[in-house]
Amino acid sequence: MVSIVVIFALSLYVAIAVLDQISIQIGPYSPIFGGAVTGLIMGDLKTGLIVGATLQLMTLGVATYGGATVPDFLTGSIMGTAYAIIAGKGAEYGIGLAVPIGLLLTQLDILARMANMFFQHRADHFAAEGNYRGVERQNIWGMVPWILSRVIPVVVGLVFGQAVVNAINTFIPAWFMMGLKAAGMILPAMGIAILMRYLPLKSYWPFFIIGFVLMAYFSKTFSILGVALLGLAAAGVYMMNANKTQPAAPAPKPAAKADPSDLYADEEVEVND
Amino acid sequence: MTKLDAKDIKKVYWRNIFGLQWGWNYERMQGLGYSWVMMPVLKKLYGDKPDEMKKALKTHLGYFNTSQPMSHLIIGADIGIEEATGMQDEEAIVGLKTGLMGPLAGVGDTLFLAIYRTIIFSIAAYMALSGSPVGLLLPVVGGILLLVLRYWFTGVGYKQGARLATEFAEQMKTLTNAASILGLSVVGALIPSVITYTLDLKYTMGKVTLNAQDMLNQIMPGLLPLGIVLLSYWLLGKKSMNSTKLIFVLIALGMVLGNLTNIVNGIAGLF
């Protein structure tokens, strides 16, 4: 039985996390945080970190471009970690469950985004009256469907946690769990393929090949951070050439350019830490 | 005309980073949030002019959707215009919003969703897999830096106005291209590191055992991950395919690959 304190703490966390997801995106919204926080609250940080990190790697590149709905891997990560800890069967068990849970919960995300149309229409109504305070309130109400769409599955999933785990252990055949495990290992291909579609692969494919070769052939000596730094160097060379080939550019341009590129350099320094 | 001060701009900034998407909905997307973000300025400019206020509310409740970090440029420029001319030139305001939201969404999503997130979270996740929660600080530190950048964007939009905000967006394209080079190198590197599936197939013929994965490695390490990624890339190019459908394709593929030994033995048993 999952204790009421745990259920309350995780509900509070997922409410904060979904607000983070739609606003400042500072971390709690990510599957890796979901796993880690759940693990911490339920007393098994290590399992949480592994489930969360694996889910995170699986879903790199999967983002809500243009507000599209994507599977709710945050809640998937929370529930996967929780079930792994309840069942005591290790991180792999949780990872296998997290993906189908995330897929299933896509529907609730869609429902929340639809529910907010109600507040939009109420805002229209107040706007016609010139009642700006009424309009303001509707946006604040808009948080409610977002929060409910995440808190409800977490509460239900945890209250019936033991029963769910028992059902999984009884009814789900071993080959299916093996298949889920393998699927988890190849699923990152989706996020990577989305990124390849999204980024200008056709213009800059040589850098894609360089990155692949470095990690495929030299994975013992290279790391993702190493490749990122090489990529940064290549990006720097590109910026220098781009600035050179535009000599007729108006004066404020180079100055304005310096700031964002500096910021990027800063981020890499943080990464180094 | 009423003048705005630094306090008003700050209020809009705070509302923008937190509340632009609270009311996100399929009909107008960030429209409800946009009006909420603008409200401190609207109250000050049109608080005692009910007709202008109605017009402004209607305009800002309209369809709007862009990348969150880049929205600050548009909102900043919008404030600048309304401070100067109020709602007189409604078309200019709507034109600014709808004209900039598309291109800025493209730049912003590439920089802040695709590239930034991929790099920060892949590094954090690898640290976590080795048991260290320290990597979780990366997105937090990066996120705070982004909030500083977003504050700066608001000022750029407000001070430089619509035309320069547009030019600034143009300049961002060079940066986006450069960042894409960085992003694609990392994306290439992720393929052999993140996709960890290896074939567990051995044929024993007499005294010789052939390991299928070793044979693949001799052709090229990372061949299988690359193949699965290229298959996914190709599938995503199809009109009837989307990322959710692709997940099901990959799960089906995983079902086969995860039970490959049993399947092969089963087939071998038939003969």
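Because the structure is predicted, anything quoted here is derived from the model rather than measured.

## Details of the packing of helix 5 (residues 91-129) of chain A against helix 9 (residues 174-186) of chain A
Residue and element names in this part refer to chain A. Orientation of helix 5 relative to helix 9, taken along the N-to-C sense of each, is 80°, at an axis distance of 9 Å. Taken together, helix 5 and helix 9 sit at an angle that is classed as roughly perpendicular. Residues Glu92, Tyr93, Gly96, Leu97 and Pro100 of helix 5 lie in contact with helix 9, whose contacting residues are Met177, Leu180 and Lys181. Tallied by class, residues from the contact of helix 5 with helix 9 come to 5 nonpolar, 1 polar and 2 charged.

## Overview of the packing of helix 12 (residues 224-244) of chain A against helix 5 (residues 90-129) of chain B
For the pair helix 12 of chain A and helix 5 of chain B, the least separation of the axes is 10 Å and the interaxial angle reads 155°. The angle between helix 12 of chain A and helix 5 of chain B places the two elements in the roughly antiparallel class. At the point where helix 12 of chain A passes helix 5 of chain B, the crossing takes the left-handed sense. Across the interface between the two elements, Ile224(A), Leu225(A) and Ala228(A) of helix 12 of chain A pack against Ile119(B), Ser122(B), Ile123(B) and Tyr126(B) of helix 5 of chain B. Tallied by class, the residues present in the contact of helix 12 of chain A with helix 5 of chain B amount to 6 nonpolar, 1 polar and no charged.

## A look at the domain arrangement of chain B
Its domain assignment divides chain B into domain 1 (6-193) and domain 2 (197-270). One C-alpha centre belongs to domain 1 of chain B, the other to domain 2 of chain B; they are set 42 Å apart.

## Some thoughts on the packing of aromatic side chains
Residues and elements named next belong to chain B. Throughout the structure, instances matching the rule amount to 13 aromatic pairs over all chains. Consider the rings of tryptophan 22 and tryptophan 36, whose centres lie 4.8 Å apart with planes at 45°: the pair is tilted. Residue tryptophan 22 is located in the loop between helix 1 (6-19) and helix 2 (31-46), and its partner tryptophan 36 is located in helix 2; the two are separated by 14 residues in the primary sequence. The residues tryptophan 22 and tryptophan 36 share a single accessibility class, namely buried.

## What to know about unusual backbone geometry
The bulk of non-glycine residues show a negative phi, and the bulk of peptide bonds are trans. With a phi angle near 50°, Gln25(A) is a residue other than glycine that sits in the positive phi range. Residue placement: Gln25(A) occurs in the loop between helix 1 (4-22) and helix 2 (31-41). Phi is positive for Met29(B), which is not a glycine, with a value near 55°. Of note, Met29(B) is situated in the loop between helix 1 and helix 2. Under the relative-accessibility criterion, Met29(B) is labelled buried at 15%.

## A short note on the interface of chain B and chain A
Across the boundary between the two partners, chain B contributes 111 residues, which contact 111 residues of chain A. Here chain B packs against chain A, burying approximately 10,200 Å² in sum over the two surfaces, 75% of which is carbon and sulfur. Taken together, the connections running from chain B to chain A amount to 3 salt bridges. The partner of Glu136(A) in a salt bridge is Arg15(B), with the nearest N and O atoms 2.7 Å apart. Remark: the boundary between chain B and chain A carries 23 residue pairs in polar contact (both at pLDDT 80 or more). The set of elements that each furnish at least two residues to the side of chain B that touches chain A consists of helix 1, helix 2, helix 3 (50-60), helix 5, helix 6 (137-194), helix 8 (223-236) and helix 9 (243-258) of chain B. Of the residues forming the side of chain B that touches chain A, the biggest block, 32 residues, is contributed by helix 6 of chain B.

## Examining the side chain of Thr106(A)
All names here are of chain A. For threonine 106, the position within the fold is in helix 5. We classify threonine 106 as buried; its relative accessible area is 7%. Among the polar contacts listed, one links the side chain of threonine 106 to the backbone oxygen of leucine 103, at a separation of 2.6 Å. Not counting residues up to four positions away in its chain, the partners in contact with threonine 106 are Thr69, Val70, Pro71 and Asp72.

About the cut-offs
- Residues numbered from 1 in each chain as written.
- Chains lettered and ligands numbered in written order.
- Predicted model: local features only at pLDDT ≥ 70, side-chain atom pairs only at ≥ 80, totals over all residues.
- Heavy atoms only, no water.
- Axes fitted to C-alpha atoms, helices over the stretch in contact; angles between N-to-C directions.
- Helix = DSSP H or I, 4+ residues; strand = E, 2+ residues; numbered from the N terminus.
- Parallel < 35°, antiparallel > 145°, perpendicular 65-115°, else oblique.
- Contact = heavy atoms within 4.5 Å.
- Nonpolar A, V, L, I, M, F, W, Y, C, P; charged D, E, K, R; others polar.
- Left-handed = near helix turned anticlockwise from the far one by under 90°.
- Domains from an automatic or database assignment.
- Phe/Tyr/Trp six-rings, centres within 6.5 Å; stacked < 30°, edge-to-face > 60°.
- Buried < 20%, exposed > 50% of the residue type's maximum accessible area, 1.4 Å probe, protein only.
- Buried area = accessible area lost by both parts, 1.4 Å probe.
- Salt bridge = Lys/Arg side-chain N within 4 Å of Asp/Glu carboxyl O.
- Polar contact = N/O pair within 3.5 Å; in protein donor to acceptor, adjacent residues only side chain to side chain.

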